[in-house]
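Below are the chains, spelled out letter by letter.
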Amino acid sequence: MIGNAKPTEISGIFENTPPLHYPLGMTTTLQAPSSMTGSDARLDAIRVKVQAGQRLSLDDGLVLYETNDVWGVIAMADFVRCRIHGDAAYYNINRHMNYSNVCALSCKFCEFYRKKDQPGAYTRDMDYIADQARGAIQSGATEMHIVGGLHPYLPWDYYPEMMRTIKQAAPNLHIKALTAVEIVHLAKIAKKYKRDDRQAGIRWVLSELKAAGLDSLPGGGAEVFDDRVHDEAYKGKIRSDEWLDVHLVAHELGLNTNATILYGHIDQRRERLVHMEILRRAQDQALERLGYSGENGFIEPGLPATANVTAPVITLSREGTPKPTPAMAEGKAGYFQTITPLPFFPDGSEMEHLYGPTGLENLRTIAIARLMLDNFPHVKAFWIMQTLSMAQLMLEAGADDIDGTVVWYDITKVGGSTTHQETTVLDLQRSIREAGFTPVERDTLYRRVEREGKDWRVVE
Ligand code: V47
């Protein structure tokens, strides 16, 4: 993008130069950057599918990972991103909070967890939690993002109490809390977990938490949906089938959720693509419930049983397809809002000997997530893990969201940072504008927010 000029201005200034970002609703042909045209003929067929909004196959995904023409891949992702979102790029004002870092598991990639009596172990009481909630609204936050370890001793009652405490202190604060892994753990400690009917226990937990104030689920804990990777890097954690059960039940209860993929450790690129395919089949199911009808699109043969293959194929990347909205879901169901690719950070983990992915691999993975997850409305470049500079570039590579002000973050400490990892609204907006997009403050459900100081309201 050139300066802050809008795409239409650019095409006006430089005749015959296609705009770098395609405004919402603009019909145009997808062009490879001229320097790259013809550099990898395998991308031509993929470009045709992308232009038509057709679903890409796993083999297409592998080409996107293997090609040297990474800028060709990025141009396609930018095209899809702009077809869905125009020049909008989202951020929010939020707070992350960890109620405890004590965890029964010892995942090899994780530097966050502590054992109960280990130095640095903490568990927050309700006074701390209420203080955090009050602090959040005083600074104008719309969302509290809460996760913790699988605490072996905290009683079930702690969790609904945490929801009620926050809502009492800050009634308008959206509570996005607890990964699928924690939800299954809670079903166990509440003695509601039934091996032969897992969804029943999950339903009980989510219904109770929703009644106490839970508004949506974050996407953590998905890692990579693959048994080999699971057994080597996070044995003991729930597998993909249970992670998907939690999100399915949450959707059925009308809660929106997010998804993640934690890549760049011992995973292989094909395993990442299978993970994405499993997620997009789960989203097909959620969108079908919302009333989207299917097409005869592509269905990958030979997927694990966790990928539901009975739902029709539904894409949002076709010209003119409406995005799902909370209003559409009202009374019907929830859906996946966002995919957040999380690059692995080795520091402080048991897998410290590994390198972690490079910047280019991160850019490529964001772009591929945008292209493969054709039915996810949003792709988030989480600036805390990607860095703000890379997140800014990722807005040009398929991402439409960079998360929020965050303030405290304890899961990863990139580049030796501490738990205080805060950015300002001005920095978020500046990064977005410089990338040629229009900053849009959103709430957790991606509704536009209008504000005066710390007072805000949803406008759509
Ligand atoms: O569940 C843990 C991952 C997740 C490491 O839903 C690591 O909007 C990289 O899920 N290197 C927590 N990743 C973060 C998360 C998230 C963040 C922002 C937004 C949303 C959302 C979700 O971080 C964990 C785990 O998968 N993680 N350790 C690591 N060393």
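Residues numbered from 1 in each chain as written. Predicted model: local features only at pLDDT ≥ 70, side-chain atom pairs only at ≥ 80, totals over all residues. Heavy atoms only, no water.

Residue position: V379 is located in strand β8 (residues 378–379). Residue classification places V379 among the buried positions, given a relative accessible area of 0%. Spatially, the C-alpha atoms of V379 and T340 are 6.0 Å apart, while their sequence positions differ by 39 residues. (Helix = DSSP H or I, 4+ residues; strand = E, 2+ residues; numbered from the N terminus. Buried < 20%, exposed > 50% of the residue type's maximum accessible area, 1.4 Å probe, protein only.)

To continue, consider the site of the ligand. K176, G219, G221, E223 and K380 are the nearest of the 22 residues found near the ligand. Within the backbone of G219, a nitrogen or oxygen atom sits 2.8 Å from an oxygen atom of the ligand. K380 has a polar side-chain atom sitting 2.7 Å from an oxygen atom of the ligand. Out of a free accessible area of 620 Å², the ligand has 96% covered by protein chains. When atom positions are compared with the pocket grids, the ligand is found to occupy the largest cavity. Counting only elements with at least two residues in the shell around the ligand, the list comes to β6 (256–263) and β7 (336–343). (Near = heavy atom within 4 Å. Polar contact = N/O pair within 3.5 Å; in protein donor to acceptor, adjacent residues only side chain to side chain. Areas by Shrake-Rupley, 256 points an atom, 1.4 Å probe, with all protein chains shown as cover. 1 Å grid on protein atoms, 1.4 Å probe; cavity = no way out; pocket = protein on both sides within 12 Å on 5 of 7 lines; lining within 4 Å. Sits in = over half its atoms within 2 Å of the grid points.)

Turning next to empty space enclosed by the protein. It is a probe the size of a water molecule, rolled over the atoms, that shows where empty space is left. The full count for this structure, using the stated rule, is 3 cavities of 30 Å³ or more. A volume near 750 Å³ is recorded for the largest cavity. Taken together, 43 residues form the lining of the largest cavity, with V147, T179, G220, G221 and I411 sitting closest to its centre. Within the residue set of the lining of the largest cavity, elements represented by two or more residues are β2 (94–98), β3 (143–147), α7 (180–189), β6 and β7. A per-element tally of the lining of the largest cavity places β6 first, with 4 residues. Residue composition of the lining of the largest cavity, grouped by class: 22 nonpolar, 14 polar and 7 charged. The computed volume of the second largest cavity comes to approximately 70 Å³. In this structure, the second largest cavity is lined by G221, A222, V224, F225, D226, D227, H230, Y234, I238, R239, S240 and W243. Elements supplying a minimum of two residues to the lining of the second largest cavity: α9 (227–233) and α10 (240–252). Classifying every residue of the lining of the second largest cavity gives 6 nonpolar, 3 polar and 3 charged. (Points joined across faces, edges and corners; volume = space filled by probe spheres on them. Nonpolar A, V, L, I, M, F, W, Y, C, P; charged D, E, K, R; others polar.)

So, about the nonpolar core. Inside soluble globular proteins, nonpolar side chains tend to come together where they are buried. Counting 127 residues, the largest nonpolar core has M162, L206, L209 and W243 as the members making the most contacts within it. Sorting elements by how many residues they give to this core places helix α4 (residues 70–85) first, with 9 residues. Setting aside residues up to four positions removed in sequence, M162 forms contacts with M97, Y99, M126, I129 and I146. If you look at the next biggest cluster of nonpolar residues, it comprises 9 residues, including A286, A329, A333 and Y335. (Core = buried A, V, L, I, M, F, W, Y, C linked by side-chain atoms within 4.5 Å. Contact = heavy atoms within 4.5 Å.)

Our focus in this paragraph is helix α8 (residues 198–212). Taking 1.5 Å per residue, 15 residues should reach 21 Å; α8 reaches 22 Å between its end C-alpha atoms and fits that length. Along α8, the residues that are buried comprise G201, I202, V205, L206, L209 and A212. Each buried residue of α8 lies within a common arc of 125 degrees when the element is viewed along its axis, so the set occupies one face. Phi for G213, located one or two positions after α8, is positive at around 135 degrees. (Expected span 1.5 Å × (residues − 1). Arc of directions from axis to C-beta.)

For the structure shown, the criterion picks out 9 aromatic pairs. For the ring pair W156 and W204, a centre distance of 5.1 Å and an interplane angle of 50 degrees mean the geometry is tilted. Pair noted here: W156 is in the loop between β3 and α6 (158–169) and W204 is in helix α8, with a separation of 48 residues, a long-range link. A residue is classified by how much of its surface remains accessible, and W204, at 27% relative accessible area, is partly exposed. Within the aromatic cluster, the residues linked to one another by ring pairs are F225, W243, F336 and F376. The positively charged end of K192 is found above the aromatic ring belonging to W204, 4.7 Å away from the centroid. (Phe/Tyr/Trp six-rings, centres within 6.5 Å; stacked < 30°, edge-to-face > 60°. Lys NZ or Arg CZ within 6 Å of the ring centre and 35° of its normal.)

Taken together, 3 strands build an open sheet; the order of strands is β9-β1-β12 and the sheet is parallel. Looking along the sheet, the strands with just one partner apiece sit at the ends: β9 (401–404) and β12 (438–441). Strand-to-strand twist of the sheet, defined as the mean angle between neighbouring strand axes without regard to direction, takes the value 30 degrees. Across 2 bridges, strand β1 (residues 88–92) lies against β9 in parallel orientation. Within the sheet, the bridge partner assigned to N92 lies in β9 and is G404. Against the sheet, helix α16 (residues 425–434) engages β1, β9 and β12, with an angle of about 165 degrees to β1. (Pairing = 2+ DSSP bridges. Axes fitted to C-alpha atoms, helices over the stretch in contact; angles between N-to-C directions.)

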